[in-house]
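Observations on the model geometry
One letter stands for each residue in the lines below.
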Amino acid sequence: MRKRSVKVKITLWYLLLMGLMAGLMLVFLRLISGSVYTQSAMEQLDQTVRENLGQVTLVDGRPQMGEGFQFYENGVYTLVYSQDKTLLAGQVPVAFTAAEPFHNGLTRLVDTDTGQYYVLDFWVPAGWEEGLWVRGLLEVPAGAQSMPALLWVAAVSLPLFLLLAAVGGYWIARRAFRPLEHITATADAISQASDLSARVAVPPGGNEFSRLAATFNQMFARLEQSFEAETQFTADASHELRTPVSVIKSACEYGETYGETLEEQRETLAMIHRQADKMSQLIDQLLRITRLDQGTELARRERVDLAALAREVCAEGPWPQDRLTLEGGEPVFAQVDRALIARLLQNLIDNGFKYGKPGGGVWVTLRRQGGEALLTVRDDGIGIAPDQQARVWQRFYQVDPVRGEKSGAGLGLSMVWKIAQAHGGHMSLESVPGQGSSFTLHLPAER
């Protein structure tokens, strides 16, 4: 069974509602129109007849009408009858052929051969036994009598009205859902082309479709970010793991061919172990950077004394303590992730020793400046040329392209940059070739 579209469903519900409203309107008109007309006609008849009553008297057995008496006024015929129901004054309408008995003060509807009349009688006494009858006649208009016919015509025309309502309702629904069709078509095109950089055009205004399009764009941006991070991770891993894997493979082949002595076998295993450690560290760094890119590894902030954290990292690190100097011991507090800031400081100190001059030192300085906490790691190494300073934060970029077993993968400073961003801070670099470099973390500090 083919499923109906939302536009068709809305049109059907709209049509059902319109039909129900039209039916209720017909019933309401049928009930109200007759009641309103009847009430109005009776009031008109009663008012006219009562006005003429004050102008009728009986003198010596004869009726006398005053100057204000009107035999025909506002469609009402006023007739004067004797006590024995003989017409004394006035003219009976030709169409009124019914022999209607007199009823004092009672308004009723009388059917005749040619139409309907409202009839109202009043007895005008003149003494104990004598008097006159005053009768008022009001013909029911043809329009009121034709109300059933009009209702029948309305019932016949109702299907045409519903048909027009259905066409109009479907057109309105289609026009209203046109932005949704554009959103769906764009989403399908993005899905088929696998182009996550494309975006859905946001309709003008702040309606539901605009919010839906904005939500789609946010979803595509998130998917694009995740896809790029996955692609970047795959490319980075395949690029950087190639070297240690090649070294391990070569070491294994050498051990199989030439590893005759125990010492040679130990050297081969040691080389494999170092490369495996390097691969493990590389994979850990890639995963951390990817998580920071995707926002899946969020900074779990707490109030931390950066001076105490720096002392702890410097004391527990595998660096020559006689060449590592910590300057500034005043407490400086900030809302940070302790583990991430410790990792940032470790990477900076590692770089300081790695690219420092032989026997040179590394200085770690913490100070407060205005509303910022400034954590600086300075070395006296080879320095970085001005044209290369902006590129050191990129993945896998190394100032010294020659890589040995002790060289890094070029991910340390990239991770430092990501950690600073995750804390709402930033990094700055000052370097002079041949004299050393100074890396500074800028963080919002607590008072």
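Preceding this paragraph is the structure being described.
None of the values given here were measured: they were computed from a predicted structure. (Residues numbered from 1 in each chain as written. Predicted model: local features only at pLDDT ≥ 70, side-chain atom pairs only at ≥ 80, totals over all residues. Heavy atoms only, no water.)

A few points about the overall build of the chain
Along the chain, the regular secondary structure elements total 10 helices and 15 strands. Burial analysis of the chain (447 residues in total) assigns 35% to the buried set. By sequence separation, contacts in the chain at least 24 residues apart represent 61% of the contacts at least 6 residues apart. Within the structure as shown, the chain displays about 26800 Å² of accessible surface, and the carbon and sulfur contribution to it stands at 57%. (Helix = DSSP H or I, 4+ residues; strand = E, 2+ residues; numbered from the N terminus. Buried < 20%, exposed > 50% of the residue type's maximum accessible area, 1.4 Å probe, protein only. Contact = heavy atoms within 4.5 Å. Areas by Shrake-Rupley, 256 points an atom, 1.4 Å probe, with all protein chains shown as cover.)

Side note on unusual backbone geometry
Most peptide bonds are trans, and most residues other than glycine sit at a negative phi. You will see that N74, though not glycine, has its phi angle at about 55°, which is positive. With respect to the helices and strands, N74 occurs in the loop between β3 (72–73) and β4 (76–81).

Brief notes about the nonpolar core
I349 and M427 are the most contacted members of the largest nonpolar core, which totals 40 residues. Those elements that place two or more of their residues in this core are α8 (306–316), β11 (333–336), α9 (338–354), β12 (362–369), β13 (372–379), α10 (412–422), β14 (426–432) and β15 (436–444). With eight residues, α9 is the largest single contributor of residues to this core. When near neighbours in sequence (up to four residues on either side) are disregarded, M427 contacts L344, L348, W393, V416, W417, A420, F439, T440 and L441. In terms of nonpolar packing, the next biggest core, distinct from the first, is built from 17 residues, V76, V80, F122 and L132 among them. (Core = buried A, V, L, I, M, F, W, Y, C linked by side-chain atoms within 4.5 Å.)

Brief notes about the pattern of salt bridges
If you walk through the whole model with that rule in mind, you get seven salt bridges. Across the salt bridge formed by R338 and E312, the nearest N and O atoms sit 3.9 Å from each other. With R338 in helix α9 and E312 in helix α8, this pair connects stretches of sequence that are 26 residues apart. Look at E312 and you get partly exposed, because its relative accessible area is 36%. If you follow the salt bridges from partner to partner, you end up with E100, R108, D121 and R135 in one network. (Salt bridge = Lys/Arg side-chain N within 4 Å of Asp/Glu carboxyl O.)

Quick notes on α10
In an α-helix, one full turn covers 3.6 residues, which means residues spaced three or four apart are oriented alike. Within α10, the full set of buried residues consists of G412, L413, S414, M415, V416, I419 and A420. Just past α10, the residue G424 takes up positive phi, approximately 75°.

Regarding the pairing of β15
With eight of nine residues buried, β15 lies mostly within the body of the structure. In the sheet, β13 pairs with β15 via seven bridges, with the strands oriented antiparallel. By the bridge assignment, A373 is partnered in β15 with L443. Where β14 lies against β15, seven bridges are found, and the strand directions are antiparallel. The partner of H426 across the bridge, within β15, is H442. Counted along the chain from β14 to the antiparallel partner β15, the turn is three residues long, and its residue G434 has a positive phi close to 85°. (Pairing = 2+ DSSP bridges.)

Looking at the sheet that holds β12
Read across the open sheet, the five strands follow the order β10-β12-β13-β15-β14; overall the sheet is mixed. In this open sheet, the two edge strands, each paired with only one partner strand, are β10 (324–327) and β14. When strand polarity is set aside, the average angle formed by the axes of neighbouring strands in this sheet is 15°. Lying on the sheet, α10 is in contact with β14 and β15; it crosses β14 at an angle near 140°. (Axes fitted to C-alpha atoms, helices over the stretch in contact; angles between N-to-C directions.)

Notes on the packing of aromatic side chains
With the rule as written, the count across this model stands at six aromatic pairs. Ring geometry for F96 and Y117: centres 5.3 Å apart, planes at 80°, overall edge-to-face. You can see F96 sitting in the loop between β5 (87–89) and β6 (107–111) and its partner Y117 sitting in strand β7 (residues 116–125), a full 21 residues away along the chain. By the burial criterion, F96 is buried, and Y117 matches it. Three or more aromatic residues joined by ring pairs form one cluster here, namely Y81, F102, W123 and W133. Lying across the ring of F102, R135 places its NZ or CZ 3.9 Å from the centre. Sitting above the plane of the W363 ring, R378 keeps its charged end 4.4 Å from the centroid. (Phe/Tyr/Trp six-rings, centres within 6.5 Å; stacked < 30°, edge-to-face > 60°. Lys NZ or Arg CZ within 6 Å of the ring centre and 35° of its normal.)

So, the side chain of N52
The topology assignment puts N52 in helix α1 (residues 6–53). Classification of N52 by relative accessible area gives buried; the value is 2%. In this structure the side chain of N52 is engaged in a polar contact, spanning 2.8 Å, whose partner is the side chain of T78. Contact partners of N52, with chain neighbours within four places excluded, come to G68, F69, Q70 and T78. (Polar contact = N/O pair within 3.5 Å; in protein donor to acceptor, adjacent residues only side chain to side chain.)

Description of the pairing of β11
Across the two faces of β11 the burial differs, with A334 and V336 buried and F333 and Q335 not buried at all. Looking at chain direction, strand β9 (residues 302–305) and β11 are connected through four bridges and run antiparallel. Across the sheet, the residue bridging to V304 is A334, located in β11.

Considerations on α8
Buried residues of α8: L306, A307, L309, A310, V313 and C314, and no others. Along the long axis of α8, the arc covered by the buried residues comes to 160°, so they all point the same way. Exposed residues pointing more than 90 degrees away from the buried face of α8 are listed as A315 and E316. The opening residue of α8 is D305, an N-cap whose side-chain oxygen sits 3.1 Å from the backbone nitrogen of A307. (Arc of directions from axis to C-beta.)

A word on empty space enclosed by the protein
Using the criterion set out here, one finds one cavity of 30 Å³ or more in the structure. Its volume calculated, the largest cavity comes out at about 30 Å³. Lining the largest cavity are L306, L309, A310, I341, A342, L345 and L375. The set of elements that each furnish at least two residues to the lining of the largest cavity consists of α8 and α9. Here the lining of the largest cavity is built from residues that sort into seven nonpolar, no polar and no charged. (1 Å grid on protein atoms, 1.4 Å probe; cavity = no way out; pocket = protein on both sides within 12 Å on 5 of 7 lines; lining within 4 Å. Points joined across faces, edges and corners; volume = space filled by probe spheres on them. Nonpolar A, V, L, I, M, F, W, Y, C, P; charged D, E, K, R; others polar.)

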